[in-house]
Amino acid sequence: MITITFPDKSVREFQEGVTGLQIAEGISGRLAREALCISVNGEVWDLNRPIPEDSQVELYTWNDRKGKETFWHTSAHLMAEAIDFYYPGTKFGIGPSIETGFYYDMEFPEDIQLTDKDLPKIEKKMLELSKLKNSIVRRDVSKKEAIDFFTKKNDQLKLELINELEDGTITFYQQGNYTDLCKGPHLPNTGYIKAVKLTSIAGAYWRGDEKNKMLTRVYGVTFPKQKELTEYLAFLEEAKKRDHRKIGKEMELFIFSGKVGAGLPMWLPKGTILRTQLEDFLKRVQKRFGYVQVITPHIGNVELYKTSGHYQKYGADSFQTIKTPVKGEEYMLKPMNCPHHCEIYAYKPRSYKDLPLRIAEFGTVYRYEQSGELHGLTRVRGFTQDDAHLFCRPDQLKDEFKKVIDIIFIIFKAMEMNDYTAQISLRDPKTPEKYIGTKENWEKAERAIVEASAEKGLKTTTVIGEAAFYGPKLDFMVKDAIGRSWQLGTIQVDYNLPERFGLEYIGADDKRYRPIMIHRAPFGSMERFVAVLIENTAGKFPLWLTPDQVVVLPISEKFNDYAKKVSEFLNNSDIRTIIDDRDEKIGRKIRDNELKRIPYMLVVGEKEVNNGEVSVRRQGKGDEGSMTIEKFATMITDLVKEQQKIDY
RNA sequence: GCCGGGGUAGCUCAGAGGUAGAGCGCAUCCUUGGUAAGGAUGAGGUCACGAGUUCAAAUCUCGUUCUCGGCUCCA
C-alpha cells in the first residue's frame, strides 16, 4: 500500500500502482468523470499512469488551467491524427496548448497546400476519431527506438527534437494509429473531446527562427461540451464588434489611406477631440508633478542618432535618411524623442538644484515596422508618444520612479481601466555582454524599480532577460477585446544616453556628475492607447472623452429653432452638442443616435419649448424625465469635472 | 520581411469568362411625428492598380499595392 496526500492534507491509502483515475473514482463518480489530469509531487501526470510510491497529488478538471492544458494538448494530437489520415507523410513538429486552444506546426508533403477550406473536413475527422474513445497510451522508449521510429517516417523535425533529449527520458504517446513523441501528459482517451473548431492557418518558422524553414501552423480550440464551443464562438463574435478598427470607422475617429501609406493613421475630427482630451488631461497631471512641456522637430540630423546609438542599432531597418542639397548631409525621421530631449538638457549647465528635470512632449515618431506587423492603431509606423524624460540624481531615482507609477495610476483610474498587469523586466546576469553600463548601476536601478513597485503596492511579474540593453523597465499591459495583451505605459531607467550625450550636472561639491535618465510614457502611444480604450469600452467612452456628448432631437421640424437654441447654449457651456434635425420620426432618431453611442439625447417638442426644458434620455438607459436647459448644462458640466478630477 | 486569406457603391456583403447586384446610408418628394427602423422616387461603380491570356476579363495568369490571421521583429 502507498500513502496519497491530497491538497487539503488529508491522507488515504491505495494499492501501489494506483492511477489518478482510480483515485478520483475513490472520491466521487463526478470527479472521476471530470478529472483530466493529476499532479504527482508537483509534476503533471496522465490519469492512467500508475503511481508507484507515496505521493502528494492534486486532481485537475476543466476548471483548472492545468486541466485545460492537458485537454488541449491531447486535442493537438487528435488533430495530428486526423491530418495524418488525410495527408499521410505529413511531418509533425511541435504541437502545444496555448492560452486558448492549441496549435500544431507541420510540414506537409510538397504537393499539399492546406487552406481554410480543408479545415472543416479535419474537424469532422477529429470528432469521428474522438467517438472511438481510443485510449492514449504512454510508453517509455529508448533513444535508439525513438530515432528508428522517426527515421522510418523520415520526420526530420522530430529527429531534431529527439537528438536534444537524454536517453531514458523519452516517451511516446499512442492513440489508435497515431504515435507521437511527447512528454505528455494526456487525457486517458480521446473521447473527452466533444467539440472542435479549427480557427486558422498560419505560417510559422520552425522553432521560431526565421533562418529555419516555414512550417504550416493550424490553430484550433476544443471543448468538453458543444455548448462551450458555441459560447466561445459567440464570444469571438462579440469581440469582433469591439474591434477598434471597426468602431473607429463607425464612429469616424480615424482612417488609413493607401495613398498616404501603410501604418500611417489620420485622426478625423471626432478622434482628434478624443485624443486632445487625453493629452490635455495628461498635461494637467504632468504640470502638477512638475513637468515642463517642450516641442521638438520631426526630423534630426543623422549625427544625432549616431550619438545616441540608435542609428547603429536600428538605422538599417528604419526609414531611410533624407538627403539635403548639401553633400553628405543627412537627416532622419525621428524614431524617438530622447536624443532631442538630451540636447535640451545639455543646452546649458545644470546644477544639482535643477534636478530632477522632467521634460515632456507629445512627440510624433516614425519607425519602419515590418509590413506584416501593422495592425490597426496598435502597431503603426507613425505615432505620438506621450513621452517624457526625467533627468535625476541617483538619490532621486526611486522617488521619481514612484511618482511615475502614481501618474500611471491616475491615468488608468480616469480611464476606468482596472484590468491591467505590470511587468518588471530585468537583465539576465548570465549575459552581461548584452547590456551597457556598470554592474553597480544596474543593481541600483533594478533595486529602485523593484522597491518602488513594491512600495506602491503594485502587483508585478518579473521577467529576467527582458530589460532593454540600456536599463531595466516596468511595463503596463492591457488586453484588447479578444484577449491579446498590449503594452501601454512604460517606465525605463537609462544610464546609456546621459553617457553618450555627455550630460552632466554640477554637484554641491562643485564636481561634475552624470544624471540618470528615466524614459516614461503612461499612455505608451496615443494611437495604441486609444485602440485599447476603444476595445475596452466598446466605443462607449467616459463622458468627458466622448466626441459628441449630447444630441438634440426635435420632435418635428417645427421645433428645429428651439433645438438650435438648446445646442448653442450647451456648446457655449463647453458641452459638445449636435442636432439631429433630419426629417424622421422621433423613434427613428432615438434608434440611430443610440447606435451612434451618444451618451445624452435631448428630446424637444411642444412641451419643452413651452417650459424652457429638455427631455433627457441616456444612451442605453432610456428616458430620464425633463429638466430646464440650465439644470441639464450644470449637471453635465459637474459630471465632466468630476471625471476629470485628478485625485490619488 | 515570411506563410495563408482578402480588396466589387460611403458602409456591410452577394456575384466567378458574355456590358454590375442587395441591404443600410445619401438626395428629392410625401408625411409633422413624443422615447430603438413611416412611405415613394432617384443618384451613386475604371469591380485596388499595372501588364498578360482571350473574340470577350470584375471573373483566368503574373507583378504591384493595401488589408486580415499568424510567424519573426519591436526603439
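Refer to the structure presented above.
Report follows, based on the coordinates. (Residues numbered from 1 in each chain as written. Chains lettered and ligands numbered in written order. Predicted model: local features only at pLDDT ≥ 70, side-chain atom pairs only at ≥ 80, totals over all residues. Heavy atoms only, no water.)

1. What to know about the overall build of chain A
Consideration 1: When its secondary structure is counted, chain A shows 20 helices and 33 strands.
Consideration 2: Taken along its principal axes, the extent of the C-alpha atoms in chain A is 80 × 75 × 60 Å.
Consideration 3: Counting the 648 residues in chain A, one finds 51% classified as buried.
Consideration 4: Pairs at least 24 residues apart make up 68% of the contacts formed inside chain A by residues separated by at least 6 positions.
Consideration 5: Carbon and sulfur atoms form 49% of the exposed surface of chain A, whose accessible area is close to 32,100 Å².
Consideration 6: Taking the 97 positively charged and 97 negatively charged side chains of chain A as two groups, their mean positions are separated by 2 Å. (Helix = DSSP H or I, 4+ residues; strand = E, 2+ residues; numbered from the N terminus. Buried < 20%, exposed > 50% of the residue type's maximum accessible area, 1.4 Å probe, protein only. Contact = heavy atoms within 4.5 Å. Areas by Shrake-Rupley, 256 points an atom, 1.4 Å probe, with all protein chains shown as cover. Lys, Arg positive; Asp, Glu negative; His and termini not counted. Charge placed at Lys NZ, Arg CZ, Asp CG, Glu CD.)

2. Points about the side chain of Arg-427
Consideration 1: One can find Arg-427 in the loop between strand E22 (420–426) and helix H14 (439–455).
Consideration 2: Overall, Arg-427 belongs to the buried group, its relative accessible area being 11%.
Consideration 3: Within the local environment of Arg-427, its side chain forms a polar contact with the side chain of Glu-446, the two groups lying 2.5 Å apart. (Polar contact = N/O pair within 3.5 Å; in protein donor to acceptor, adjacent residues only side chain to side chain.)

3. Overview of the pattern of salt bridges
Consideration 1: What the rule picks out here adds up to 44 salt bridges.
Consideration 2: Asp-46 serves as the salt-bridge partner of Arg-138, at 3.8 Å between the closest nitrogen and oxygen. Taken as a pair, Arg-138 in strand E9 (residues 136–141) and Asp-46 in the loop between strand E4 (43–45) and strand E5 (55–60) lie far apart in primary sequence, 92 residues in all.
Consideration 3: Judged by its relative accessible area of 2%, Asp-46 is buried.
Consideration 4: Residue Glu-238 pairs with Lys-241 through a salt bridge whose shortest N-O separation is 2.9 Å. Placement of both Glu-238 and Lys-241 in helix H7 (residues 226–242) is noted, with a separation of three residues, approximately one turn of the helix.
Consideration 5: Residue Glu-238 is classed as partly exposed on the basis of its relative accessible area, which comes to 43%. (Salt bridge = Lys/Arg side-chain N within 4 Å of Asp/Glu carboxyl O.)

4. Quick word on the pairing of strand E29 (residues 550–554)
Consideration 1: In terms of burial, E29 is largely enclosed, as five of its five residues are buried.
Consideration 2: Residues Val-550, Val-552 and Pro-554 line one face of E29 and the alternating positions Val-551 and Leu-553 line the opposite face, and both faces are buried.
Consideration 3: Where E29 lies against strand E30 (residues 577–579), three bridges are found, and the strand directions are parallel. Its bridge partner lying in E30, Val-551 is registered against Ile-578.
Consideration 4: The handedness of the E29 to E30 crossover, carried by helix H17 (residues 560–572), is right-handed. (Pairing = 2+ DSSP bridges. Right-handed = clockwise from strand over helix to strand, strands pointing away.)

5. A word on the state of the cysteines
Consideration 1: Under the counting rule described, the total for this entry stands at zero disulfides.
Consideration 2: Not part of a disulfide, Cys-338 finds its nearest cysteine sulfur in Cys-342, a span of 6.5 Å.
Consideration 3: Overall, Cys-338 belongs to the buried group, its relative accessible area being 2%.
Consideration 4: Cys-342 provides the cysteine sulfur closest to Cys-392, a residue in no disulfide bond, and the two sulfurs are 13 Å apart.
Consideration 5: Cys-392 gets classed as buried once you look at its relative accessible area, which sits at 0%. (Disulfide = S-S within 2.5 Å.)

6. Notes on a negative patch on the surface
Consideration 1: Together, Glu-13, Glu-16, Glu-53 and Asp-54 give the surface a local cluster of negative charge.
Consideration 2: Relative to the elements of secondary structure, Glu-53 occurs in the loop between E4 and E5. (Patch = residues over 30% accessible without salt bridge, like charges linked within 9 Å, V, L, I, M, F, W, Y side chains within 5 Å.)

7. Things to note about the protein's contact with RNA strand B
Consideration 1: Near RNA strand B lie 55 residues; those nearest to it are Glu-373, Ser-556, Glu-557, Arg-588 and Ser-615.
Consideration 2: For RNA strand B, the backbone portion of the atoms within 4 Å of the protein, that is sugar and phosphate, comes to 50%.
Consideration 3: At 3.4 Å from a base nitrogen of RNA strand B is found a main-chain nitrogen or oxygen belonging to Ile-201.
Consideration 4: One of the backbone N or O atoms of Gly-203 is found 3.0 Å from a base oxygen in RNA strand B.
Consideration 5: Counting only elements with at least two residues in the surface near RNA strand B, the list comes to strand E12 (195–205), strand E13 (214–223), helix H8 (244–250), helix H18 (586–595), helix H19 (606–611) and strand E32 (613–618).
Consideration 6: Among the elements that make up the surface near RNA strand B, the one with the highest residue count is H18 (seven residues).
Consideration 7: In terms of residue class, the surface near RNA strand B is built from 17 nonpolar, 15 polar and 23 charged. (Near = heavy atom within 4 Å. Nonpolar A, V, L, I, M, F, W, Y, C, P; charged D, E, K, R; others polar.)

8. A closer look at the packing of aromatic side chains
Consideration 1: One pass over the structure, following the stated rule, counts 24 aromatic pairs.
Consideration 2: For the ring pair Trp-62 and Trp-72, a centre distance of 5.5 Å and an interplane angle of 80° mean the geometry is edge-to-face. Of the two residues, Trp-62 is situated in the loop between E5 and helix H3 (65–86) and Trp-72 in helix H3; the sequence distance between them amounts to 10 residues.
Consideration 3: Taking the relative accessible area as the measure of exposure, Trp-62 reaches 13% and is therefore buried.
Consideration 4: The interplanar angle of 75° and the centroid separation of 5.4 Å between the aromatic rings of Phe-92 and Tyr-104 together place this pair among those described as edge-to-face. Of the two residues, Phe-92 sits in strand E6 (residues 91–92) while Tyr-104 sits in strand E8 (residues 101–107), which places them 12 residues apart along the sequence. Tyr-104 matches Phe-92 in its accessibility class, with the two residues each being buried.
Consideration 5: Among the aromatic side chains, those forming a connected cluster through ring pairs are Trp-62, Phe-71, Trp-72, Phe-223, Tyr-232 and Phe-235.
Consideration 6: Taking the ring centre of Tyr-86 as reference, the NZ or CZ of Lys-121 above it sits at 5.0 Å. (Phe/Tyr/Trp six-rings, centres within 6.5 Å; stacked < 30°, edge-to-face > 60°. Lys NZ or Arg CZ within 6 Å of the ring centre and 35° of its normal.)

9. Structural notes on the side chain of Ser-567
Consideration 1: Locating Ser-567 in the fold gives a position in helix H17.
Consideration 2: Those residues in contact with Ser-567, other than ones at most four positions away along the chain, are Val-552, Thr-577 and Ile-579.

10. Considerations on the sheet that holds strand E25 (residues 485–494)
Consideration 1: Pairing within the open sheet is mixed, and its eight strands lie in the order E16-E20-E21-E28-E25-E24-E22-E23. Strand pairing shows two members of the sheet lacking a second neighbour, strand E16 (292–293) and strand E23 (460–464), which therefore form its edges.
Consideration 2: Direction of pairing for strand E20 (residues 357–366) relative to strand E21 (residues 382–392): antiparallel, over a ladder of 10 bridges. From the neighbouring strand, Tyr-366 faces E21, where its bridge partner is Gly-382.
Consideration 3: Across the sheet, helix H12 (residues 338–346) is in contact with E20, E21 and strand E28 (516–521); its angle to E20 comes to roughly 145°. (Axes fitted to C-alpha atoms, helices over the stretch in contact; angles between N-to-C directions.)

11. Description of H7
Consideration 1: A rise of 1.5 Å per residue sets the reference length of H7, with its 17 residues, at 24 Å; its end C-alpha atoms lie 25 Å apart and thus fit the reference within 8%.
Consideration 2: Taken together, the buried positions of H7 are Leu-229, Tyr-232 and Ala-239. Taken down its axis, H7 places every buried residue within 75° of arc, on the same side.
Consideration 3: Elements in contact with the buried residues of H7: E12 and E13. (Expected span 1.5 Å × (residues − 1). Arc of directions from axis to C-beta.)

12. Quick look at the pairing of strand E24 (residues 473–479)
The side chains of a regular strand alternate, first on one face of the sheet and then on the other.
Consideration 1: Burial of E24 is extensive: six of the seven residues sit out of reach of the surface.
Consideration 2: When E22 meets E24, the two strands line up antiparallel, connected through six bridges. Bridge pairing links Ser-425 to Lys-473 in E24.
Consideration 3: When E24 meets E25, the two strands line up antiparallel, connected through six bridges. Bridge pairing links Val-478 to Trp-486 in E25.
Consideration 4: Taking the residues that link successive antiparallel strands as the turn, the E24-E25 hairpin has five residues, and the phi of Gly-483 there is positive, at about 90°.

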